[in-house]
Amino acid sequence: MEMEVDFSEFRLSCVLRGHEDDVRGICICGESLIATSSRDRTVRIWAPDSESNSKYIQSKTLIGHTSFVGPLAWIPPSDRFAEGAIVSGGMDTQVLLWDVRTGEVVETMKGHQYQVTGLAVDDNGDVISSSMDCTLRRWRKGQAVEVWEAHKVAVQTVLKISSGEFVTGSSDSTMKLWRGRTCLHTFVGHSDTVRGLALMPGVGILSASHDCSVKLWTLTGQVLMEMIGHSSLVYSVASHSSGLIASASEDCSLKIWKDGKCVQSIEHPGCVWDAKFLENGDLVSACSDGSVRVWTREPTRATDPFETQAHLDMLSQYKLSRKTVGGLKLTDLPGLEALQTPGNNDGQTLIVREGDNGVAYSWNARESQWDKIGEVVDGPGEAGGQQGQLYNGTRYDYVFDVDIGDGEPIRKLPYNTSDNPYDVADKWLIRENLPLTYREQVVEFILQNTGQKSFIPDPSFRDPYTGANAYVPGQSSLSSGSVAPKLTYKHIPKKGMLLFDTAQFDGILKKISEFNTTLASDTDQKVVSMSETEFARLSGIIKVLKDTSHYHASTISDADISLLIKILKSWPANMIFPVIDTIRMTVLHPDGATSLQKYAEGQNDLLKEVFEKAVVGPTQPANVLTMIRAITNLFRHSCFKNWLHSRFSEILDALSTCRPAFNKNAHLAFSTLLLNYSVLLIELKDKEGQSQVLSAALEIAEDGSQDVDSKYRALVAIGSLMLAGEVKSIAIDFDVQSIAKDAKSSKDAKISEIGADIELLINN
């Protein structure tokens, strides 16, 4: 007989509103303050409302990160920090130390290559940070005093335990116990990424994993308890002195556990990223809807019925927005008023929304009325892959686009999970007039993309035309030259390079002329101005570039390029942008590219020198924009491939530093540059470079202020790197699922489609 667990349920106490995007992290600061981090790039501090024993008010907003903020850590009050301090880590690779009293950054710690994923503070006040770059770093007074590789893949979290040692969780599915830089023990037991850690004082360590479970471990690596109940990734876990455990998940729930049993599941209107207990037993949750919620078991701290009802209404609306009927979003269905419009032909089907349900009607031409067929049943859930789809008037669980290759058109393959995949494959191949030798490839394709990995193969098959047996593992199932069916994506992988190939040549020449006149009239700078002969040569270059139809017959000489380089090196930085723009267009001319390439060789790399002048140190927006476009155009010619690859990290680092000041055009240029680099680095099989481009592209994709074109190109770069590159698992660790989901819900068609491409790629 199962024992009853003595437990009173949590109820909503208050909702903290202020963040403008997902709330990603929570930090309990002493006895009363709550700090939260968000995708909106801020950290916010919440203090108890003196007029209420259950409410909080926002006391400070900490602004300093350039991308979303994740982990937080608390430093108690001291002589240096009278009201304590907060440490924050972000997607921007920075660790920032904030004085709570002033709300100002007092230390900026730079060194990580990728996103900072975890933070802890040791007994000496040193900050320990973990990162997607596989390292742990120890910071003292703003400087890194120790750096070491903690895991071979991304480190997702770090936890200080009472003994002063540290535990890390990683995408390799393990945890490690550290004393200094020495690994004392490796914990093995999870089957996927270990995302969150928490201390259960006097007992051991709690871990939250992408395998949907929570585990309790001893410090020697023994699993004491496993908590199963979440239906998706578990991001965070927390414990309280009462023995309660809380876990936060992608499945939109906050679960409460006691003695290994789930005693309460609290639904949220979005993904729950983090959860922390307050000392008084109340529980704080961070949600993707931008709100922070405090939950309590103390009746006197529970919110009023109106706030509770508002929360329930929000939950209902959220569920409604996600509900599908027959593969269609319920909220997208027309209402009953649609039945006022006559059908186009007899038997036409129309699905309308009636309350919280979708109801199908059929047009009766004889009676000129819509006849009710019945309620439409929901298709498979999101976890099952694609939603049910119509094909030739019939609803299927899946309708795959299958690319046979060899210039053949895309074929549609409908399938229900209740079907025998071998029967489906046989009928489909015959219907499509394809060789039955493809049979096992089709079956394998179906099983892989529907998650039916446990299906037992049928060894009895014989080709009705040849009498050949079914495919046997280890043997080739296709004749030489055959191409297996494969999933198709609408926008990825990207092939070829994008260029900036239009220019206002008259405007460029006019601006150069103005600047030259200014220099010539200045006694101190007259020496760097162009002579009449030089200006005539420059005008000739512009004339050649303007006449694109005769590029095959015109020439750009070494002397022409030498003049442009001379101007770029000698003119003041605030005057060189029209000359950089001239270089941008010169690169597109065959002769121009060949001549310019000579200035990018060996020790005397003048192209690098010009780049640094344009983007390093007080920068001019026009210089940065024209320089990004010029480098983007270098991808046109293979002769620049080595230069682009060898200078990749310098270029990306410099431009990432400038990015906060980018305008719309610069953002688009930078996204285009990243997209071109994704194509190049995939070709060169440079995994480290691919990871850097992925990180930069994700930063753009998750930035809600980006325009459609910039975001689209960043998403295409991400999808291409995941599909054709070597960084799919890294992207998943970077929470690309959330970015894909947001993109898929976009009102812009191409953003929605690339979001669907990435989501399909994640699930396969």
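Residues numbered from 1 in each chain as written. Predicted model: local features only at pLDDT ≥ 70, side-chain atom pairs only at ≥ 80, totals over all residues. Heavy atoms only, no water.

The number of helices and strands found in the protein chain is 18 helices and 38 strands. Contacts in the protein chain between residues at least 24 apart in sequence constitute 51% of all its contacts with a sequence separation of at least 6. A total of about 34600 Å² of accessible surface is found on the protein chain, and carbon and sulfur atoms cover 48% of it. (Helix = DSSP H or I, 4+ residues; strand = E, 2+ residues; numbered from the N terminus. Contact = heavy atoms within 4.5 Å. Areas by Shrake-Rupley, 256 points an atom, 1.4 Å probe, with all protein chains shown as cover.)

Let's shift gears to the environment of Asp742. Examined against the element boundaries, Asp742 turns out to sit in helix H17 (residues 736-744). The sequence separation of Asp742 and Gly704 amounts to 38 residues, and the corresponding C-alpha distance is 9.9 Å.

As summarised here, the arrangement of the three strands in space is E31-E32-E33, forming an open sheet in which the pairing is antiparallel. Taken across any chain shown, the strands that pair with only one partner, and hence form the sheet edges, are strand E31 (349-354) and strand E33 (369-375). For this sheet, the mean inter-axis angle between neighbouring strands, taken without regard to orientation, is 35 degrees. (Pairing = 2+ DSSP bridges. Axes fitted to C-alpha atoms, helices over the stretch in contact; angles between N-to-C directions.)

With 14 residues, helix H10 (residues 621-634) should cover 20 Å at 1.5 Å per step; its first-to-last C-alpha distance of 20 Å lies within 8% of that length. For H10, the buried fraction is high: 11 of the 14 residues fall into the buried class. Looking at H10, one finds that the buried residues are Asn623, Val624, Leu625, Thr626, Met627, Ile628, Ala630, Ile631, Thr632, Asn633 and Leu634. Its buried side turned inward, H10 meets helix H7 (577-586), helix H8 (590-597), helix H9 (606-615), helix H11 (641-646), helix H12 (648-658) and helix H13 (664-683). (Expected span 1.5 Å × (residues − 1). Buried < 20%, exposed > 50% of the residue type's maximum accessible area, 1.4 Å probe, protein only.)

As a further point, take the packing of helix H6 (residues 558-570) against H7. Axis separation between H6 and H7 bottoms out at 10 Å; the angle between their running directions is 150 degrees. As summarised for this structure, H6 and H7 are arranged roughly antiparallel, according to the angle between their axes. Where H6 crosses over H7, the handedness of that crossing is left-handed. Contact with H6, carried on its side by Ile561, Leu564, Ile567 and Leu568, involves Val579, Ile580, Thr582, Ile583 and Thr586 of H7 and no other residues of that element. For the contact of H6 with H7, a count of residues per class yields seven nonpolar, two polar and no charged. (Parallel < 35°, antiparallel > 145°, perpendicular 65-115°, else oblique. Left-handed = near helix turned anticlockwise from the far one by under 90°. Nonpolar A, V, L, I, M, F, W, Y, C, P; charged D, E, K, R; others polar.)

What follows is about the environment of Glu104. Along the chain, Glu104 turns up in strand E9 (residues 104-109). Excluding residues within four positions of it along the chain, Glu104 makes contact with Leu97, Trp98 and Asp99.

For the rest of this paragraph, the subject is the sheet that holds strand E10 (residues 116-121). Reading across the sheet, the four strands line up as E10-E11-E12-E13 and stay open at both edges, with antiparallel pairing between neighbours. What marks the edges here is a single partner per strand, and that holds for E10 and strand E13 (143-149). Taking the axes of each pair of neighbouring strands and ignoring which way they run, one obtains an average angle of 20 degrees across the sheet.

All right, on to the packing of helix H5 (residues 532-546) against H7 then. Contact geometry of H5 with H7 gives a least axis separation of 10 Å together with a crossing angle of 45 degrees. It follows that H5 is oblique to H7 by the angle criterion. Our pair here, H5 against H7, has a crossing hand that is left-handed. Only Thr582, Met585 and Thr586 of H7 make contact with H5, whose side of the interface consists of Ile541, Ile542 and Leu545. Here the contact of H5 with H7 is composed, by residue class, of four nonpolar, two polar and no charged.

Attention now moves to the nonpolar core. If you look at the biggest cluster of nonpolar residues, it comprises 102 residues, and the most contacted ones within it are Trp571, Tyr677 and Ile718. The leading source of residues in this core is H13, at 10 residues. Once residues within four sequence positions are removed from consideration, Tyr677 is found in contact with Phe635, Leu644, Phe648, Ile651 and Val693. (Core = buried A, V, L, I, M, F, W, Y, C linked by side-chain atoms within 4.5 Å.)

What follows is about the pattern of salt bridges. All told, the structure shown has 34 salt bridges when counted by the stated rule. Note that Asp506 is salt-bridged to Lys546, the shortest N-O span being 2.9 Å. On the criterion of sequence distance, the pair formed by Asp506 in helix H4 (residues 505-520) and Lys546 in helix H5 is long-range, its members being 40 residues apart. In this structure, Lys598 engages Asp558 in a salt bridge whose closest nitrogen and oxygen atoms are separated by 2.9 Å. Pair noted here: Lys598 is in the loop between H8 and H9 and Asp558 is in helix H6, with a separation of 40 residues, a long-range link. Asp558 sits in the partly exposed class, given a relative accessible area of 39%. In the salt-bridge network here, residues are joined through shared partners; they are Asp122, Asp126, Arg138, Arg140 and Glu146. (Salt bridge = Lys/Arg side-chain N within 4 Å of Asp/Glu carboxyl O.)

A separate point is unusual backbone geometry. Most peptide bonds take the trans form, and the phi angle of most residues other than glycine is negative. Note the cis peptide between Ile492 and Pro493, where omega equals -5 degrees. The topology assignment puts Pro493 in the loop between strand E38 (486-487) and H4. We note that Asp259 has phi near 55 degrees; this positive angle belongs to a residue other than glycine. Looking at the element boundaries, Asp259 is found in the loop between strand E24 (253-258) and strand E25 (261-267). Positive phi outside glycine occurs at Ser368, with the angle close to 55 degrees. With respect to the element layout, Ser368 can be found in the loop between strand E32 (357-364) and E33. Among the residues examined, Ser368 registers a relative accessible area of 52% and is labelled exposed.

A full pass over the atoms with the stated rule returns eight aromatic pairs. Relative to Trp217, the ring of Phe187 lies with its centre 5.6 Å away and its plane at 90 degrees, an arrangement referred to as edge-to-face. Placement of the pair is Phe187 in strand E17 (residues 182-188) and Trp217 in strand E20 (residues 213-217), with a sequence separation of 30 residues. By way of ring pairs, the aromatic residues Phe635, Phe648 and Tyr677 are connected into one cluster. (Phe/Tyr/Trp six-rings, centres within 6.5 Å; stacked < 30°, edge-to-face > 60°.)

This part takes up the pairing of strand E18 (residues 194-200). Of all the seven residues making up E18, six are buried; the element is thus mostly covered by neighbouring parts of the structure. As paired elements, E18 and strand E19 (residues 204-209) share six bridges and run antiparallel to each other. Within the sheet, the bridge partner assigned to Val194 lies in E19 and is Ser209. In this antiparallel pair of consecutive strands, E18 and E19, the connection spans three residues, and Gly202 shows a positive phi of 80 degrees.

On to the side chain of Gln706, then. On the secondary structure map, Gln706 appears in the loop between helix H14 (687-701) and helix H15 (708-724). In this structure the side chain of Gln706 is engaged in a polar contact, spanning 3.1 Å, whose partner is the side chain of His667. With residues up to four places along the chain from it excluded, the contact list for Gln706 reads Arg659, His667, Ile700 and Lys711. (Polar contact = N/O pair within 3.5 Å; in protein donor to acceptor, adjacent residues only side chain to side chain.)

Next up on the list: H13. Here H13 spans 29 Å end to end across 20 residues, near enough to the 28 Å set by a 1.5 Å rise per residue. The element H13 is largely enclosed, with a buried count of 16 among its 20 residues. Two or three places before Asn665, at the start of H13, stands the capping residue Asn663, its side-chain oxygen 3.2 Å from that residue's backbone nitrogen.

As for its placement among the helices and strands, Asp560 is situated in helix H6. Classification of Asp560 by relative accessible area gives buried; the value is 9%. Once you skip the residues sitting within four places of it in the chain, Asp560 turns out to touch Arg537, Ile541 and Thr555.

What follows concerns the confidence of the model for the protein chain. Residue-level pLDDT values for the protein chain average 85, and 89% of them are 70 or greater. Taken element by element, the predicted model of the protein chain shows its lowest mean pLDDT in E38 (61) and its highest in strand E8 (residues 95-99) (97). Considering only residues more than four positions removed or in separate chains, one finds that residues 1-5, a stretch of pLDDT under 50, has five contacts. Confidence over residues 379-387 falls short of pLDDT 50; this stretch has 19 contacts with residues more than four positions distant or in other chains. (pLDDT = per-residue confidence, 0-100.)

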